[in-house]
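# Survey of secondary and tertiary structure
Okay, here's what each chain looks like letter by letter:
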Amino acid sequence: MKTEPRLSRPVQVAEAIKDWVVEQGLRAGDRLPGEADLIARFGMAKGTIREAMRILEAQGLIKTRTGPGGGSFVHEVSRQRAKALLGNYFYFRSLTIDDIYQLRLLLEPEMAASLAGQLPDEVLDRLAAIVDGYAEPARSPDEEREQHIASLGFHALLAEKASNPLLGFIIDFMVNLLSDLTVYRKLYAPPNLELWERGRDHQQRLIEALRDGKPEAARGIMAAHMETAWSLMRGQEAEMLRRFISE
């Protein structure tokens, strides 16, 4: 009977294949070697290689196609899938408004400063259009919910344009978490006129600072925006808890 080394555990083999892909400089769409080649290259049994490939496919790192021209190919994980997978980690961790805004206050002002004077008019116009989408206060809980989500879309667009891809991804992920938190905990109820008014004012002034290329102004406006939103959203969270207890 063939005895395999410790590396034969499928998870470890999957990691070894990932390392090899990086070393070879393979890119999304490049074909991976066939099963026989992988068996020879890594010195593993067929079952171990197949399980390792299933792990990589489940992670979204490879794509397998059958038929003529088929095989296994390097696949790039989309931003949306990466956020969903990471979100699963936090699903049962009972994140709070404080948890999220503590990081937003640290990171988003720096991102805003780095984008001042760097965004094309097309992006600045898209930001302005988002803000114009909630030019009037919400008239119903449903409209309030949609305005909250749209307002967070403003920050998601900025994160998409961040020059630092890691910073942009982290902020985008937090925005996604906050959007989900707002909806399933009903933090949009009751409507908060001050949150709408001050948030919209901050965003409008931020667009002007970004357009005028003023990093310090952009940093200060975003910091004030985060501090205000943190305080008011904490109040929304407390109200939600009061409703829960009374029910």
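Residues numbered from 1 in each chain as written. Predicted model: local features only at pLDDT ≥ 70, side-chain atom pairs only at ≥ 80, totals over all residues. Heavy atoms only, no water.

### A short note on empty space enclosed by the protein
To keep things clear, this is the line we draw: A pocket, in this scheme, is an open set of points on a 1 Å grid over the protein atoms alone with protein on both sides within 12 Å along at least 5 of 7 lines, while a cavity is a set where a 1.4 Å probe fits but cannot get out; residues line either one if an atom lies within 4 Å of a point. Grid points are joined across faces, edges and corners, and a volume is the space filled by probe spheres set on the points. Here a strand is any run of E in DSSP of at least two residues, a helix any run of H or I of at least four, and the numbering for each starts at the N terminus.
Scanning the entire structure with this criterion turns up one cavity of 30 Å³ or more. Its volume calculated, the largest cavity comes out at about 310 Å³. In terms of lining, the largest cavity is formed by 24 residues, of which the most central are Gln147, His148, Ser151, Leu195 and Gly199. At the level of secondary structure, the elements contributing two or more residues to the lining of the largest cavity comprise helix H5 (97-115), helix H7 (141-160), helix H8 (165-184), helix H9 (193-212) and helix H10 (215-246).

### Remarks on the side chain of Glu144
We apply this condition: A simple rule labels every residue: compare its accessible area, found with a 1.4 Å probe on the protein chains alone, to the largest value its type can have, and call it buried under 20%, exposed over 50%, or partly exposed in between. For this count, His and the chain ends are skipped, Lys and Arg are scored as positive, and Asp and Glu as negative. Here, a salt bridge means any side-chain nitrogen of Lys or Arg that lies within 4 Å of a carboxyl oxygen of Asp or Glu. When checking whether two residues touch, look at their non-hydrogen atoms; a contact exists if any pair is within 4.5 Å.
Its place among the elements puts Glu144 in helix H7. Lacking a salt bridge, the buried Glu144 has Arg139 as its closest oppositely charged neighbour, with an N-O distance of 10.0 Å. Excluding its chain neighbours within four sequence positions, the residues that come into contact with Glu144 are Ala138, Tyr188, Pro191 and Asn192.

### Observations regarding helix H6 (residues 121-132)
Inclusion rule: By this rule the span expected of a helix is its residue count minus one, scaled by 1.5 Å. Within this analysis, the arc is defined by the directions that extend from the helix axis to the C-beta atoms.
Its twelve residues give H6 an end-to-end C-alpha distance of 16 Å, which sits within 8% of 16 Å, the value for a rise of 1.5 Å per residue. Among the residues making up H6, those that are buried are Val123, Leu124, Leu127 and Val131. All buried residues of H6 fall inside an arc of 100° around its axis, so they share one side. Looking at H6, the residues exposed on the side facing more than 90 degrees away from the buried face are Asp121 and Asp132. Where H6 is buried, its residues contact H7 and H9.

### Section: the packing of aromatic side chains
Aromatic rings in a pair are described by how distant their centres are and how their planes are angled relative to each other. Worth spelling out the cut-off: What counts as a ring pair is set by centres within 6.5 Å for rings of Phe, Tyr and Trp (its six-membered ring), and what kind of pair is set by the plane angle: stacked under 30 degrees, edge-to-face over 60, tilted for all other angles. Only when the NZ atom of a Lys or the CZ atom of an Arg is both within 6 Å of the ring centre and within 35 degrees of the ring normal do we say a charge sits over the ring.
Considering all chains together, one arrives at two aromatic pairs under this definition. Seen in terms of ring centroids, Phe90 and Phe173 are 5.9 Å apart; in terms of plane orientation they differ by 45°. Their pairing is tilted. Taken together, the residues Phe90 in helix H4 (residues 79-90) and Phe173 in helix H8 connect sequence positions 83 residues apart. Here the aromatic residues Tyr89, Phe90 and Phe173 are joined through ring pairs into a cluster of three or more. Just above the ring of Phe73 sits the side chain of Arg65; from NZ or CZ to the centre is 4.0 Å. Above the plane of the ring of Tyr188 lies Arg145, whose end atom (NZ or CZ) is 5.8 Å from the centre.

### Focus: the nonpolar core
For the record, the criterion: The nonpolar core is taken to be a set of buried Ala, Val, Leu, Ile, Met, Phe, Trp, Tyr and Cys residues, with the residues joined through side-chain atoms within 4.5 Å.
Counting 44 residues, the largest nonpolar core has Leu127, Leu158, Leu206 and Leu210 as its most contacted members. Where this core is concerned, the elements lending two or more residues are H5, H6, H7, H8, H9 and H10. With nine residues, H10 is the single largest residue contributor to this core. Leu158 has contacts with Met111, Leu115, Leu119, Leu127, Leu206, Leu210 and Met222, leaving out every residue within four places of it along the chain. Among the nonpolar cores identified, the runner-up in size contains 17 residues, and Ala14, Trp20, Ala52 and Ile62 belong to it.

### Overview of the pattern of salt bridges
On inspection of all chains with the given rule, the structure shows 20 salt bridges. Salt-bridge contacts for Arg211 lead to Asp125; the nearest nitrogen and oxygen are separated by 3.9 Å. Residue Arg211 is found in helix H9, and its partner Asp125 is found in helix H6; the two are separated by 86 residues along the sequence. Overall, the relative accessible area of 44% leaves Asp125 in the partly exposed class. A salt bridge links Arg145 to Asp142; the nearest nitrogen and oxygen atoms lie 3.0 Å apart. With Arg145 and Asp142 both in helix H7 and three residues apart, the pair spans about one turn of that helix. On the accessibility criterion, Asp142 (48% relative accessible area) is partly exposed.

### Observations regarding unusual backbone geometry
Ala189 connects to Pro190 through a cis peptide bond whose omega is -5°. Summarising the element assignment, Pro190 is placed in the loop between H8 and H9. Of note in this structure, Lys186 is not a glycine but carries a positive phi near 55°. Of the residues examined, Lys186 reaches a relative accessible area of 47% and is grouped as partly exposed.

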